[in-house]
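# Observations on the model geometry
Here is what each chain is made of, one letter per residue.
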Amino acid sequence: MEPLAERMRPKTLDEYIGQKHLVGEGAVLRKMIDSGHISSFILWGPPGVGKTTLAQIIAHQLETPFYTLSAVTSGVKDVRDVIQRAQSNKFFSTSSPILFIDEIHRFSKSQQDSLLGAVEKGIVTLIGATTENPSFEVIRPLLSRCQLYVLKSLEKDDLLTLLQRAITQDVELSKRNIKLTDTGALLRYSGGDARKLLNILELVVAASDKEDIEITDEVVVERLQQNPLAYDKDGEMHYDIISAFIKSIRGSDPDAALYWMARMIEGGEDPQFIARRLVISAAEDIGLANPNALLLANAAFDTVMKIGWPEGRIPLAECAVYLATSPKSNSAYLGIDAALAEVRKSGNQPVPLHLRNAPTSLMKELGYSDGYQYPHDYPGHFTEQQYLPDALTDTRFWLPQHSPAEEKLFQWMKTCWGDRFEK
């Protein structure tokens, strides 16, 4: 028999739980679906929030051919085969066939490249699902051809609705008298993941041979302690654990960082996922306080890709300890965010004439590059001149945080710019 999570998979948007900001009345994706015409898009969100289900519902409602590929098991040849079949079926449907790719972030560049032509020409409508930030994992040409929709972890009320629906409407569970006395442990262990919630419920119910079943927090905890990974091959509370891991590094606690890394490793986490988070942490949390941190994090990432498990745990642990024990600075992180905020507020400010490129005689006549001072021609390879747009001349974005390494940068900037860096 199918697992409970599969039996409870919604068939229509009216049955679909959560994501009201996308599929509620008047929401952007709901309008697109109701119109009968959808464009390619990528669904980004944590596991178990309805990405695959939503794609299947769309295909069913539009009555269009639906093809699915898993990025874990499919190669370039599989992609081309599906596109060829979709092209053949396109003549029998008013809408382009839908190609759903689960875990699209695992597709290589060549696999993603093989999709471009079919998506651009409308041979297929691509729906991708990913738990990773598409900005890092999906090639820019493909990302530019797709809308991006962010799915959220399910809210408490959504999960409670799902539990009640399962015990009253499921063909198997409805045969038994199930009483939900407590739901705290069920919700806590599920972490907003509908699939995980239903797997836990099924696990707890299966442990009893009685017709009358009372589910309490104590029963749930006891059952999961006996078989703690039975409901999730990736380990429990995936996103809570990675959050604890990063915050332990940021908080300079190497022991906690190693503990949470061990939890991820023991839970079967993808080593690339851990390595990627270390690279991000090195840039975001250590930054200019210790620029070598980013070099070491990148080296750890490359090493893990070369040697794999189980030896890969060693460079990852080395990197985690190094990052946790390094001085911290997020000045670069705050600086780029401040600059982005200014760009969004003030728009496209003109580039000062002396900073513009002048490859043609006309541009030179217009004053392009006129007055530019080449810093290497001056003592110390510096001369003071304006680099920001006229409207932002004295604006500061990078504010040094005076860690030992960053203090040297700050003192040099004071030597160069004087009062500007005294503010």
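Here the structure is shown first, and the text comes after it.
We now turn to the structure provided with this report.

About the thresholds
- As a convention, each chain's residues are numbered from 1 in the sequence order in which they are written.
- Reporting of local features is limited, given that this is a predicted model, to residues whose pLDDT is at least 70; pairs of side-chain atoms are given and counted only at 80 or more, and all residues count toward the totals for whole chains, interfaces and linings.
- To obtain the side-chain values, all non-hydrogen atoms of the structure were included, while hydrogens and water were left out.
- At least two DSSP bridges between two strands are needed for those strands to be called paired.
- Helix and strand definitions here come from DSSP, where helices need a minimum of 4 consecutive H or I residues and strands a minimum of 2 consecutive E residues; each element is numbered from the N-terminal end.
- Between N-to-C directions, angles cover 0 to 180 degrees, with each direction set by a line fitted to C-alpha atoms, over the stretch in contact for helices.
- Any pair of residues with heavy atoms lying within 4.5 Å of one another is described as a contacting pair.
- The definition of a polar contact used here is a pair of N or O atoms within 3.5 Å, where within protein one atom must be able to donate a hydrogen and the other to accept one, and adjacent residues in sequence count solely through side-chain atom pairs.
- Angle categories: roughly parallel below 35 degrees, roughly antiparallel above 145, roughly perpendicular from 65 to 115, and oblique for all the rest.
- By definition, any crossing whose near helix is turned counterclockwise from its far helix by less than a right angle is left-handed, and any crossing with a clockwise turn is right-handed.
- Throughout, the ten residues Ala, Val, Leu, Ile, Met, Phe, Trp, Tyr, Cys and Pro are labelled nonpolar, Asp, Glu, Lys and Arg are labelled charged, and all others, Gly among them, are labelled polar.

## Quick look at the sheet that holds strand β2 (residues 66-70)
Each strand in a sheet pairs with another by means of backbone hydrogen bonds, the pair being arranged parallel or else antiparallel. The strand order across the open sheet formed by 5 strands is β2-β3-β4-β1-β5, and the pairing between neighbours is parallel. Sheet topology places β2 and β5 (147-150) at the edges, where each strand pairs with a single neighbour. Taking the axes of each pair of neighbouring strands and ignoring which way they run, one obtains an average angle of 20 degrees across the sheet. Direction of pairing for strand β3 (residues 98-102) relative to strand β4 (residues 125-130): parallel, over a ladder of 5 bridges. The residue bridging Ile101 from the neighbouring strand is Gly128, located in β4. Lying over the sheet, helix α4 (residues 51-62) contacts β1 (41-44), β2, β3 and β4, oriented at roughly 170 degrees with respect to β3.

## Quick word on the environment of Arg145
Mapping Arg145 onto the fold places it in the loop between α8 (140-144) and β5. Through-space distance from the C-alpha of Arg145 to that of Lys345 is 26 Å; in sequence the pair is 200 residues apart. Of note is the side chain of Arg145, whose polar atom sits 2.7 Å from the side chain of Glu120. Within the local environment of Arg145, its side chain forms a polar contact with the backbone oxygen of Pro141, the two atoms lying 2.5 Å apart.

## Concerning the packing of helix α14 (residues 254-266) against helix α17 (residues 313-325)
The geometry of a pair of packed helices is captured by two quantities: the angle between their axes and the separation between those axes. Two numbers describe how α14 lies on α17: the axes approach to 9 Å, and their chain directions differ by 150 degrees. On the basis of their axis angle, the class for α14 and α17 is roughly antiparallel. In this structure, the crossing between α14 and α17 has a hand that is right-handed. Of the residues in α17, those touching α14 at Pro254, Leu258, Met261 and Ile265 are Arg313, Leu316, Ala317, Ala320, Val321, Ala324 and Thr325. Across the contact of α14 with α17, the residue classes break down as 9 nonpolar, 1 polar and 1 charged.

## What to know about the environment of Leu388
With respect to the helices, strands and loops of the structure, Leu388 is situated in the loop between α19 (361-365) and α20 (404-417). Considering only alpha carbons, one finds Leu388 and Thr303, 85 residues apart in sequence, at a separation of 40 Å. With residues near it in sequence (within four places) discarded, Leu388 still touches Pro352, Thr393, Thr395, Phe397 and Arg420.

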